[in-house]
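Commentary on secondary and tertiary structure
Listed below are the residues making up each chain.
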Amino acid sequence: MEDDSELDLISELPQSIIEAILAKLPLRDAVRTSILSTRWRYKWASLTHIMFDDRSASHFNDRIVVQDGIVNFITRFLFLHDGPIHKFSLSSSFLQSSPDIDQWLLFLSRKDVKELILELGEGEWFRAPSCVFSCKKLTRLELVRCELDPPPNFKGFLCLKHLSLQQVLIPPDDIEYLISNCPLLESLTLSYFDSLELTVCAPNLKYLILEGEFKDLCLENTPLLVAISVAMYMTDDIAEHFEHSSSCNFDKFLGGVPKLERLIGHIYFTKYLSIGNNQKRSPITYHHLRFIELYQVSFDDMKEVLVVLQLIVNSPNLQELQISGSSNTSATVGAPDLEFWDENFSIDCTLHRLKKVKLTDVSGVEHEMKFIQFLLENSPVLEVMSITPSLYLTDGRLNMLIDLASFRRASSRAKIIFIQEPV
Amino acid sequence: MALKGKVRTKALVAPSSTMTEADSEIIKPEMLKAYVWLQTSDDSIQQVEQEVAMFCPFICHEIHSGMGSSKNYPISLPSRVNPPMLSLILDYCRFHQVQGRSNKERKSFDEKFVRIDTKRLCELTSAADSLQLKPLVDLTSRALARVIEGKSPEEIREIFHLPDDLTEEEKLEPIKNTMDDPRIRLLNRLYARKRKELKEREKLKIVDVEEEHADERSVDDLLSYINGGNEDSKGTRGSKSKKKNRKRKDHHRTAPSNCTSTSNSTSSSSRNAVDIDKKESNDRESLYSSPRHHGNLIRDLCNGTKLLDIEDDRFGPEDDFDDCDLDDDIDPALKEEIDREVEDFARRLNSDWPERMQEILSLGQERRPLQLTTNGNGSLRRFTSLDQRQK
């Protein structure tokens, strides 16, 4: 073929592109390019973004063999590596805690690593060595399944912008200290924390993702927060705690986020917000809030409905609303207080921008239907409302449809889509 | 107003056709659309819709600095952008700069877009990089990574036309990514053995060289010994023998000089000839003694290389014995060497002995020359016989 006489296709590409290509390969394949030709001998060795995942691990039956193999590979790789390391990501289900990992972290801390991602296997949790806390240049830290114990002289990560801790054991005081001493923190993710009372104080925080059993959540100083996603799990003692709580959670949590654009709440979030919430009006208006997504809203509980209404009414620019009902309809709560709906809100409830509404797990309880009616009457530019009935609702669907058909619509373009099969 | 114009245009062209807005605008390029002029590496100039071209940061910058607005001032694109690549890139830009597309649509377009042969993929990456079109660079480098992933080195070399120019040695270095696969371990062991063999071969070469050096050193030693430069080891011997000889001299002075000067001359040919008469008896005795004498003779000649050393003349069986003792210090092999060298030297000296003798004797007493001459014939005869033998 004439191609044989052609020049080398790829080695002429600039180093930045070669690195981009090598960085997209599993690490093992990237290292194998060292035997392609003399020019390729050490192209892999100057990779600045090192990502090791299970694609690079060989698969044998004996776990110990695989783990030893991985440890050998990474140790040798780091030893032969030449140049700065900006990102090190290790995500392997075969690796467990081992002293080698401590040594790698020590090596990386000396290389001024900027992004560190560690996710080890399911066994014994890895205990982060203190050298992790001396990585001064860290901008991103993501840890899964490990124990963090900041040393007493730890002053915080001054460059840290992204922090993600999932299934991490850390003393509660330390977590708040850590957050408040990362002045540049923009994104915070805390997953699977147990019984945590959290007060977040992060002046630059923009994205907040929380998931776990939180006893108490307070956003003390987060003026720039743009997106919040919270999933609150419930245990018995948390439920008790809720009952005895006197403060207004809504204000504590959503009282200081004027720039909020997206709000997502799962499981008991709405319930949490409803506790201690007595007023119909929230302290601030969410001018930028365009997208609300709330799951497991129990329409049996008037208080929860109030929370939803409060949010909606105070978000003049809301564009998209997604509410998922809670199917655990508790035993008859008594006749719902429907008069509430008849009294007019003292403020203008028109939702001038609401275009899309998606309601799922609709069980057709009175409050829910009233809510739908409310939406339809107050959304002049509504385009689509899709309703998916709850799986447990078998007989009442026809009634629901009859009710829906009778509702007045403020928007002439509104389409109501009734989805029979669950999405 | 402009909007109305557009609508009218559409209606005029073909209201029933499924042309997109973009298409109709290309067919009727009115003042509604701005155009820029681009010049590629082969100096050809193209006209491209501005909003499409602006998707490339490079072109964007050039437009902002005022280039590209007319045919006379086209934006000259970097050399890595040739016309076919430019056309591909513009297709990409044309698709993606439209706002309304969903992520799904874009992804699907991207997947189809990179289904081109590897050579063009590399060229496209290079061209996109020079135009700073990062999303396209990411897309193409991901595609190239997929091409490389999972393939053997031979396959990769073939696809990209890489030269297979690593030396055997370099290829033998252990595979860095071994995962304790028993096959890889075996392979590494084989490689290690091969490397060891290579190293051994290298070592042998070095050893040979070193031994040669060793040999040379010993030869140098020999030569210096012969030339009398080696004061230390030989000097002591010499001095010892000197002493002994002195004793002998004293001892033999009284004895009548029965020996012919021939014997004297033979044995003392390499020595200071002043004390010939003293030597005479000794020499004769040494000549007629047992076979041992041959060695002794040579040794004496050796000792006598120091021509100026008068006191070394004495020979005698006793001396020889003593010399023997002294010479026991020398390594036998070295001794052989020394003997051989000395013999050679002796031969050389013997050949010009008569002339030298004359020289020396002319400085000394009368009697000696007489003695010499009377015995000279004999000695000469002897010499000649010797010479002849050794010649």
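Residues numbered from 1 in each chain as written. Chains lettered and ligands numbered in written order. Predicted model: local features only at pLDDT ≥ 70, side-chain atom pairs only at ≥ 80, totals over all residues. Heavy atoms only, no water.

As named in an unreviewed UniProt entry, chain B is SKP1-like protein 21, taken from Penstemon smallii. The heading Subunit (unreviewed entry) in the UniProt record of chain B holds the text "Part of a SCF (SKP1-cullin-F-box) protein ligase complex." In its Subcellular location (unreviewed entry) section, UniProt records this for chain B: "Nucleus". (UniProt positions renumbered as here; feature names shortened; annotations may be inferred.)

Chain A appears in an unreviewed UniProt entry as FBD domain-containing protein from Penstemon smallii.

1. Brief notes about the overall build of chain B
When its secondary structure is counted, chain B shows 19 helices and 3 strands. For chain B, the proportion of contacts with a sequence separation of at least 24, taken over those separated by at least 6, is 60%. Of the roughly 23200 Å² of accessible surface on chain B, a fraction of 53% belongs to carbon and sulfur atoms. (Helix = DSSP H or I, 4+ residues; strand = E, 2+ residues; numbered from the N terminus. Contact = heavy atoms within 4.5 Å. Areas by Shrake-Rupley, 256 points an atom, 1.4 Å probe, with all protein chains shown as cover.)

2. Some thoughts on helix 6 (residues 103-113) of chain B
Residue and element names in this part refer to chain B. Considered for burial, the residues of helix 6 that qualify are Arg 106, Phe 109, Asp 110 and Phe 113. One side of helix 6 carries all its buried residues, which in axial view fall inside an arc of 100°. More than 90 degrees from the buried face of helix 6, the exposed residues found are Lys 104, Lys 107 and Lys 112. In the core, the buried residues of helix 6 are packed alongside helix 5 (83-96), helix 7 (118-130) and helix 8 (134-148). (Buried < 20%, exposed > 50% of the residue type's maximum accessible area, 1.4 Å probe, protein only. Arc of directions from axis to C-beta.)

3. Looking at the interface of chain B and chain A
Facing the 35 residues of chain B at the interface are 39 residues of chain A. Roughly 3300 Å² is buried in total at the junction of chain B and chain A, and carbon and sulfur atoms are behind 67% of that figure. Here chain B is connected to chain A by 1 salt bridge. Scanning the region where chain B abuts chain A turns up 4 residue pairs in polar contact (both at pLDDT 80 or more). Counting residues per element, the ones that place at least two in the side of chain B that touches chain A are helix 7, helix 8 and helix 9 (153-160) of chain B. With 6 residues, the top contributor of residues to the side of chain B that touches chain A is helix 8 of chain B. Tallied by class, residues from the side of chain B that touches chain A come to 13 nonpolar, 7 polar and 15 charged. (Buried area = accessible area lost by both parts, 1.4 Å probe. Salt bridge = Lys/Arg side-chain N within 4 Å of Asp/Glu carboxyl O. Polar contact = N/O pair within 3.5 Å; in protein donor to acceptor, adjacent residues only side chain to side chain. Nonpolar A, V, L, I, M, F, W, Y, C, P; charged D, E, K, R; others polar.)

4. A few points about the packing of helix 9 (residues 302-313) of chain A against helix 11 (residues 366-377) of chain A
Geometrically, a packed helix pair is captured by the angle between its two axes and the distance between the axes. All names here are of chain A. Running from amino to carboxyl end, helix 9 crosses helix 11 at an angle of 10°, the nearest separation of the two axes being 11 Å. In terms of orientation, helix 9 lies roughly parallel with respect to helix 11. Between helix 9 and helix 11, the contacting residues are Met 302, Val 305, Val 308, Leu 309, Ile 312 and Val 313 on the first element and His 367, Phe 371, Phe 374 and Leu 375 on the second. Classifying every residue of the contact of helix 9 with helix 11 gives 9 nonpolar, 1 polar and no charged. (Axes fitted to C-alpha atoms, helices over the stretch in contact; angles between N-to-C directions. Parallel < 35°, antiparallel > 145°, perpendicular 65-115°, else oblique.)

5. Observations concerning empty space enclosed by the protein
Where empty space is left can be seen by rolling a probe of water-molecule size over the atoms. Across all of its chains, the model carries 3 cavities of 30 Å³ or more by this definition. As a volume, the second largest cavity reaches approximately 50 Å³. Put simply, the parts of the chain that give the lining of the second largest cavity at least two residues each are helix 2 (27-32) of chain A together with helix 9 of chain B. Of the residues assigned to the lining of the second largest cavity, the class counts are 4 nonpolar, 2 polar and 3 charged. (1 Å grid on protein atoms, 1.4 Å probe; cavity = no way out; pocket = protein on both sides within 12 Å on 5 of 7 lines; lining within 4 Å. Points joined across faces, edges and corners; volume = space filled by probe spheres on them.)

6. Here we look at a negative patch on the surface
Residues and elements named next belong to chain A. A surface patch of negative charge is lined by Asp 236, Asp 237, Glu 240 and Glu 243. Topologically, Asp 237 is positioned in helix 6 (residues 236-244). Assessed through its relative accessible area of 43%, Asp 237 is described here as partly exposed. (Patch = residues over 30% accessible without salt bridge, like charges linked within 9 Å, V, L, I, M, F, W, Y side chains within 5 Å. Lys, Arg positive; Asp, Glu negative; His and termini not counted. Charge placed at Lys NZ, Arg CZ, Asp CG, Glu CD.)

7. Observations concerning the sheet that holds strand 1 (residues 35-39) of chain B
Residues and elements named next belong to chain B. In spatial order, the strands read 2-1-3; together these 3 strands make up an open sheet with mixed pairing. Bordering the open sheet on either side are strand 2 (45-49) and strand 3 (75-76), each of which pairs with just one other strand. Note that strand 1 and strand 2 share 5 bridges and pair antiparallel. Directly across from Leu 38, in strand 2, lies its bridge partner Gln 46. (Pairing = 2+ DSSP bridges.)

8. Some remarks on the confidence of the model for chain A
Residue and element names in this part refer to chain A. The pLDDT averaged across chain A works out to 86; a share of 93% of its residues lies at or above 70. Mean pLDDT per element in chain A: helix 10 (residues 339-342) is the minimum at 71, and strand 3 (residues 115-119) is the maximum at 94. Note that residues 1-5 has pLDDT below 50 and, in this model, 1 contact with residues that lie over four places away or in other chains. (pLDDT = per-residue confidence, 0-100.)

9. Structural notes on a nonpolar patch on the surface
On the surface, a nonpolar cluster with roughly 290 Å² of combined accessible area is contributed by Leu398(A), Leu401(A) and Ile402(A). Inspection of the secondary structure puts Leu398(A) in helix 12 (residues 397-406).

10. A word on the state of the cysteines
Counted according to the given criterion, the structure contains 0 disulfides over all chains. Distance from the sulfur of Cys135(A), which forms no disulfide, to the nearest cysteine sulfur (Cys131(A)) is 6.4 Å. (Disulfide = S-S within 2.5 Å.)

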